[in-house]
Amino acid sequence: HHVPQTRLLTLNLLRRLREKGYTHLAVEALVNDGSDPMPGGYPVRKTGIYTREPVFAELLREARRLGYTLLPYEPNDQGEQTQQQRETGQARAIAAVMAEDPQSKVLVHAGYAHIGETQEGLPDDARPMAMELAKMSGLPLLTIDQTSTRSYEAADIDTVGQRLAKQFAVNVPSVLLSRDSENAWSNKPGLYDVSVLLPPATGTSLRPDWLSLDEKRVAVAIDLAPCLGHLPCLAEARHAREGDDAIPADQFLMLAASEASTPLYLAPGKYRLRLD
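Residues numbered from 1 in each chain as written. Predicted model: local features only at pLDDT ≥ 70, side-chain atom pairs only at ≥ 80, totals over all residues. Heavy atoms only, no water.

**A closer look at the state of the cysteines**
- The full count for this structure, using the stated rule, is one disulfide.
- Two residues share a disulfide in this structure: Cys227 and Cys233, whose sulfurs sit 2.0 Å from each other. On the S-S bond that ties Cys227 to Cys233, the torsion sits near -40°, and the link is left-handed. One exposure class covers both Cys227 and Cys233, and it is buried. (Disulfide = S-S within 2.5 Å. Buried < 20%, exposed > 50% of the residue type's maximum accessible area, 1.4 Å probe, protein only.)

Structure, rendered in structure tokens:
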């Protein structure tokens, strides 16, 4: 929800999985009201909640470019619902698509404990969406966790992810394989099939290097001098071909005069810059 770095691996896998026949990208964060979440071809505020963050928005843009069908699956229930009703409703929405088209292949980008294969980590001991989906579909799932290792935390926070990322000199999202069986390591066996180690952030704390999105974008210096007279100041860069309602390609909130040299990370192309 709050760690954009966990979107990088999914973003990088989109093309490879599409080439292997994947057809749908199911995203918990998308608004599920029966309409196209990106009617203009690009994400806007009403597309979803966490999708208003630029890296998440880029994940959706790339999926649409590659021909994925976006699949919202959060239950569209305006009333009160229990945690179990929510988990079951999420699973039901995904299972319905798989039942309608048995040839479909679905990549699900979900939050935290929703991908658990056993009852653990959810309020009221609810059965997670993934556990429900496996039961409904009758299909095996591959569950990949990027959060329990927490290798993306600040350097002074000691976690298993930090220790392993340093021990194995991880500089890209990585999975550990057993030398004997070549099975993938899981930080929580039985709950998740695979745990991912994310590299510690390098660069500045304000603009870590992973914002290059695997070198697809570069740090671009912009003139933030007009912001000096009215801090805080939000700098936003939007794709020139997209409307003013588009989620920015990148953005930065300038809080102090010392941050005036902070760059935006942008892919080659044309943009409109807005300072507010």
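Still more to cover.
**Here we look at the sheet that holds strand S6 (residues 194-197)**
- Taking strand neighbours across the sheet as the criterion, the three strands line up as S4-S6-S5 in an open arrangement whose pairing is mixed. Each edge of the sheet is formed by a strand with only one pairing partner; in this case those strands are strand S4 (144-145) and strand S5 (174-175).
- When S4 meets S6, the two strands line up parallel, connected through two bridges. Along S6, the bridge assignment pairs Ile144 with Val194. (Pairing = 2+ DSSP bridges. Helix = DSSP H or I, 4+ residues; strand = E, 2+ residues; numbered from the N terminus.)

**Side note on the packing of aromatic side chains**
- A full pass over the atoms with the stated rule returns zero aromatic pairs.
- Taking the ring centre of Tyr68 as reference, the NZ or CZ of Arg18 above it sits at 5.7 Å. (Phe/Tyr/Trp six-rings, centres within 6.5 Å; stacked < 30°, edge-to-face > 60°. Lys NZ or Arg CZ within 6 Å of the ring centre and 35° of its normal.)

**Re the confidence of the model for the chain**
- Confidence along the chain averages 93 in pLDDT terms, with 97% of residues attaining 70 or more.
- For the chain, the element scoring lowest by mean pLDDT is helix H5 (residues 160-167), at 85; strand S8 (residues 233-239) scores highest, at 98. (pLDDT = per-residue confidence, 0-100.)

**With respect to the packing of helix H3 (residues 83-100) against helix H4 (residues 129-137)**
- At a minimum axis distance of 8 Å, the contact between H3 and H4 shows a crossing angle of 40°. When the axes of H3 and H4 are compared, the pair comes out oblique. The element H3 and its partner H4 pack so that their crossing is right-handed. On H4, the residues touching Gln84, Glu87, Thr88, Gln90, Ala91, Arg92, Ile94, Ala95 and Met98 of H3 are Met129, Glu132, Leu133, Met136 and Ser137. (Axes fitted to C-alpha atoms, helices over the stretch in contact; angles between N-to-C directions. Parallel < 35°, antiparallel > 145°, perpendicular 65-115°, else oblique. Left-handed = near helix turned anticlockwise from the far one by under 90°. Contact = heavy atoms within 4.5 Å.)

**What about the sheet that holds strand S9 (residues 250-254)?**
- Taken in spatial order, the three strands make up an open sheet running S9-S8-S11, and their pairing is antiparallel. Sheet topology places S9 and strand S11 (271-275) at the edges, where each strand pairs with a single neighbour. Neighbour to neighbour, the strand axes of the sheet diverge by 10° on average, direction disregarded.
- As paired strands, S8 and S11 are joined by five bridges and run antiparallel to one another. The residue bridging His239 from the neighbouring strand is Tyr271, located in S11.

**A few points about H5**
- Within H5 the residues assigned to the buried category are Gly161, Gln162, Leu164 and Ala165.
- On the buried face of H5, the contacting elements are S6.
- The first or second residue beyond H5 is Ala169, which carries a positive phi of 50°.

**Concerning the pattern of salt bridges**
- Summed over the entire model, instances satisfying the criterion amount to 15 salt bridges.
- As a salt-bridge pair, Glu58 and Arg65 come within 2.8 Å of each other at their nearest N and O atoms.
- On the accessibility criterion, Glu58 (15% relative accessible area) is buried.
- For Glu74, the salt bridge goes to Arg86, with nearest N and O atoms at 2.6 Å. Of this pair, Glu74 sits in the loop between strand S2 (69-72) and H3 while Arg86 sits in helix H3, placing them 12 residues apart in sequence.
- Exposure remark for Glu74: the relative accessible area of 16% places this residue in the buried category.
- Here Arg86 falls in the partly exposed class, since its relative accessible area comes to 21%.
- Connected via shared salt-bridge partners are Arg15, Glu58, Arg61, Glu62, Arg65 and Glu242. (Salt bridge = Lys/Arg side-chain N within 4 Å of Asp/Glu carboxyl O.)

**Observations concerning the layout of surface pockets**
- Empty space within the largest pocket amounts to approximately 1,100 Å³.
- If you go around the largest pocket, you meet 42 residues; those closest to its centre are Leu107, Val108, His109, Leu142 and Ile144.
- Among the elements of the structure, helix H1 (7-19), strand S3 (106-109), H4, S4 and S6 are those that each provide at least two residues to the lining of the largest pocket.
- With five residues, H1 is the largest single contributor of residues to the lining of the largest pocket.
- The residue inventory of the lining of the largest pocket, partitioned by class, reads 28 nonpolar, nine polar and five charged. (1 Å grid on protein atoms, 1.4 Å probe; cavity = no way out; pocket = protein on both sides within 12 Å on 5 of 7 lines; lining within 4 Å. Points joined across faces, edges and corners; volume = space filled by probe spheres on them. Nonpolar A, V, L, I, M, F, W, Y, C, P; charged D, E, K, R; others polar.)

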